[in-house]
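Residues per chain are reported as follows:
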Amino acid sequence: MALIPRAGESAQVYWDKETTNVTVFDACGNFEEKYSMSFSRFREISKSIRLERFTGAAGESPYQPIQSFVDAFNSRMKAVVRPGKYIIVDECMSTWKGMESAYHHESFIKVTYIPRKPVDLGVEFKCAADGESCLMVHLEMQKGAKAPKQAFETAPEELPHHCAVTLRAVSNWLGTGRVVVGDAAFGSFLTCYELLRRGMYFIGVIKGCTQTFPIEFSRHHQPHLEKGPYKVITTKLNDAENVERTIMGIIISLKPGLSRNIISSYSSSLLGQERTVYKTRRRLHETEGVWLNERTKGSVRRPKAVDDGMQYFGAVDYNDRFRQGYLNWENAWPTKRLWLRVFTTVLGIITTNAYFAYELETKQAPQTENEDDGKLKFFEFLGKLAHQLIFNDYN
């Protein structure tokens, strides 16, 4: 959707049928024949891609040009997507390309490092995704304390940042009885309580935000639990309809001396079904001296509340793998400007959302005995999507 000619060159050089100048990105040219798009059609499409210009004036935020695009994405997802029972809150990243705000006004103000993500360095988004389809349904850029009027928003009410950002991510579905699943960046007793009194349930990991959670009880039982067993502690609170609900604190032993704290206002603490798990370990070959990956198969039985939460826990990361792995637009476009990098990220999320929506629709469509599996692969779907967008007659 964007071309970057060298200085002094016009984008029309890509449509030249006889190109002798080899300074363009694609020296072959002749785009009309290769991609079935005329230059006039490309020009009409590119006129629609306009972001508000950032001038660097005092009090102006560098996020301003792209914020309206993110807001439009959230509004559209609210209008057309109806999530399933489980909503996953997590972080995703927009790739950083090395320009620092200390040296250039068009760069990122806040760069976050999360080593467990597919891309570990960049602008952080707090996002929500539908657990079943992996569709992203809400995005919120984390702008840092230096951004004007954006220092750790606490709305609604005066809540800690991790709790407030969770409520904002699922604000469109409060009161629907859905289950929110989050990792340690979102999990706390306060998050669980605030969601419960607003008509939603929560299953999450507690690690850093341990206020009002009996963490000493967990530390006392850590050395005494073997791998597999767990302890449960409960308390009772009233929900949005003044119905008494139970909040469970589940302490699961991963191995002797190491446990994980789970908080849940949904499901039960009874043992769930036995599930197959796979583990990959790196081992040094004794004779050849090279590292090998060994995959082992095992089984595990966890409390039902933990099983329900882990069932769709990786929805956001799965979306990230398609966007940053297969699609990889963020690396294909070498620009370092903040709003263009974020634009590429959101455009990639929109594209992967379209494919996941197609997958969900084909999975739920009735199949006949004579009908073969004609489901499109990711890049086949992208080709058809691009052709339909280029030659659409929608007004």
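Remember, it's a predicted structure, so these values are computed and weren't measured experimentally. (Residues numbered from 1 in each chain as written. Predicted model: local features only at pLDDT ≥ 70, side-chain atom pairs only at ≥ 80, totals over all residues. Heavy atoms only, no water.)

## Some thoughts on the overall build of the chain
The cut-off we apply is this: Note on conventions: DSSP H or I runs of at least 4 residues are helices, E runs of at least 2 residues are strands, and numbering of each starts at the N terminus. Pairs of residues are marked as contacts when any of their non-hydrogen atoms sit within 4.5 Å.
Helix and strand counts for the chain come out as 11 helices and 11 strands. Considering only residue pairs separated by 6 or more positions, the chain has 60% of its internal contacts joining residues 24 or more positions apart.

## A few points about the nonpolar core
Across soluble globular proteins, nonpolar side chains have a tendency to be buried as a group. Basically, it comes down to this: Residues grouped as a nonpolar core are buried Ala, Val, Leu, Ile, Met, Phe, Trp, Tyr and Cys residues, joined through side-chain atoms within 4.5 Å. When a residue's accessible area, from a 1.4 Å probe over protein chains only, is under 20% of the maximum for its type it is buried; when over 50% it is exposed; and in between it is partly exposed.
Formed by 75 residues in total, the largest nonpolar core has its most connected members in Met136, Leu139 and Val170. With 11 residues, helix α10 (residues 338-364) is the single largest residue contributor to this core. If we skip the residues at most four places from it in the chain, Val170 touches Ile87, Val89, Val180, Leu195 and Met200.

## A look at the side chain of Ser264
Definition in use: As used in this structure description, the phrase polar contact means that two N or O atoms lie within 3.5 Å; if the pair is within protein, one of them must be able to donate a hydrogen and the other to accept it, and residues adjacent in sequence are counted only when both atoms belong to side chains.
Mapped onto the fold, Ser264 is located in strand β9 (residues 258-264). From its side chain, Ser264 meets the backbone oxygen of Tyr266 in a polar contact 2.7 Å long.

## Side note on the pattern of salt bridges
Put simply, the rule is: Salt bridges are defined by distance alone: a side-chain nitrogen of Lys or Arg within 4 Å of a carboxyl oxygen of Asp or Glu.
Counted by the stated rule, this structure contains 11 salt bridges. Close ionic contact of Glu194 with Arg198 constitutes a salt bridge, the shortest N to O distance being 2.4 Å. Residue classification places Arg198 among the buried residues on the basis of a relative accessible area of 17%. For Arg283, the salt bridge goes to Glu294, with nearest N and O atoms at 2.4 Å. Of this pair, Arg283 sits in strand β10 (residues 275-284) while Glu294 sits in strand β11 (residues 291-300), and the two are 11 residues apart along the sequence. By sharing partners, the salt bridges in this structure join Glu91, Glu124 and Lys126 into a single network.

## Some details on the packing of aromatic side chains
Filter applied, for reference: Only rings of Phe, Tyr and Trp enter the pairing, Trp through its six-membered ring, and a pair is recorded when the two centres are within 6.5 Å. The plane angle decides the type: under 30 degrees is stacked, over 60 is edge-to-face, the rest tilted.
Overall, the coordinates contain 17 aromatic pairs when judged by the stated rule. With centroids separated by 5.1 Å and ring planes inclined at 35°, the aromatic side chains of Phe69 and Phe343 adopt a geometry described as tilted. One end of the pair, Phe69, is in helix α3 (residues 64-80); the other, Phe343, is in helix α10, and 274 residues separate them in sequence. We classify Phe69 as partly exposed; its relative accessible area is 22%. Residues Tyr86 and Tyr266 carry aromatic rings whose centres are separated by 6.4 Å and whose planes lie at 90° to one another, so their mutual orientation is edge-to-face. Within this pair, whereas Tyr86 is found in strand β1 (residues 86-95), its partner Tyr266 is found in the loop between β9 and β10, the two being separated by 180 residues in sequence. The pair Tyr86 / Tyr266 is uniform in exposure class, with both members buried. Among the aromatic residues, ring-to-ring pairing joins Tyr318, Phe322, Tyr326, Tyr355, Phe356, Tyr358, Phe378, Phe379 and Phe381 into one connected group.

## Focus on the packing of helix α4 (residues 161-169) against helix α5 (residues 189-196)
Using the following cut-off: Note on geometry: axes are lines fitted to C-alpha atoms, helical ones only across the stretch in contact, with angles between N-to-C directions running from 0 to 180 degrees. Put simply, a crossing is left-handed when the front helix is turned counterclockwise from the back one by less than a right angle, and right-handed when it is turned clockwise. In the scheme used here, Gly and all other residues not listed as nonpolar or charged are polar, with Ala, Val, Leu, Ile, Met, Phe, Trp, Tyr, Cys and Pro taken as nonpolar and Asp, Glu, Lys and Arg as charged.
Contact pair α4 / α5: the axes reach a minimum separation of 9 Å and the direction vectors enclose 35°. Crossing handedness for the pair α4 and α5: right-handed. Counted together, His162, Cys163, Thr166 and Leu167 of α4 and Leu190, Thr191, Glu194 and Leu195 of α5 form the full contact between these two elements. Tallied by class, residues from the contact of α4 with α5 come to four nonpolar, three polar and one charged.

## Some thoughts on the pairing of β10
For the record, the criterion: Strands were regarded as paired on the criterion that DSSP finds at least two bridges between them.
Sheet topology places β10 next to β11; 10 bridges connect them, and they run antiparallel. Counted as the bridge partner of Thr280 is Arg295 from β11. Counting the residues that bridge the hairpin from β10 to β11 gives six residues, and of these Gly289 lies at a positive phi of roughly 70°.

## Description of the environment of Gln142
You can see Gln142 is positioned in the loop between β4 (136-141) and α4. Given the relative accessible area of 6%, Gln142 is considered buried. For the pair formed by Gln142 and Lys126, sequence separation is 16 residues and the distance between their alpha carbons is 7.1 Å. With near-sequence residues (within four places) excluded, Gln142 lies in contact with Tyr63, Lys110, Glu124, Lys126, His161 and Val165. Within the structure, Gln142 has its side chain in polar contact with the backbone oxygen of Glu140 (distance 3.3 Å).

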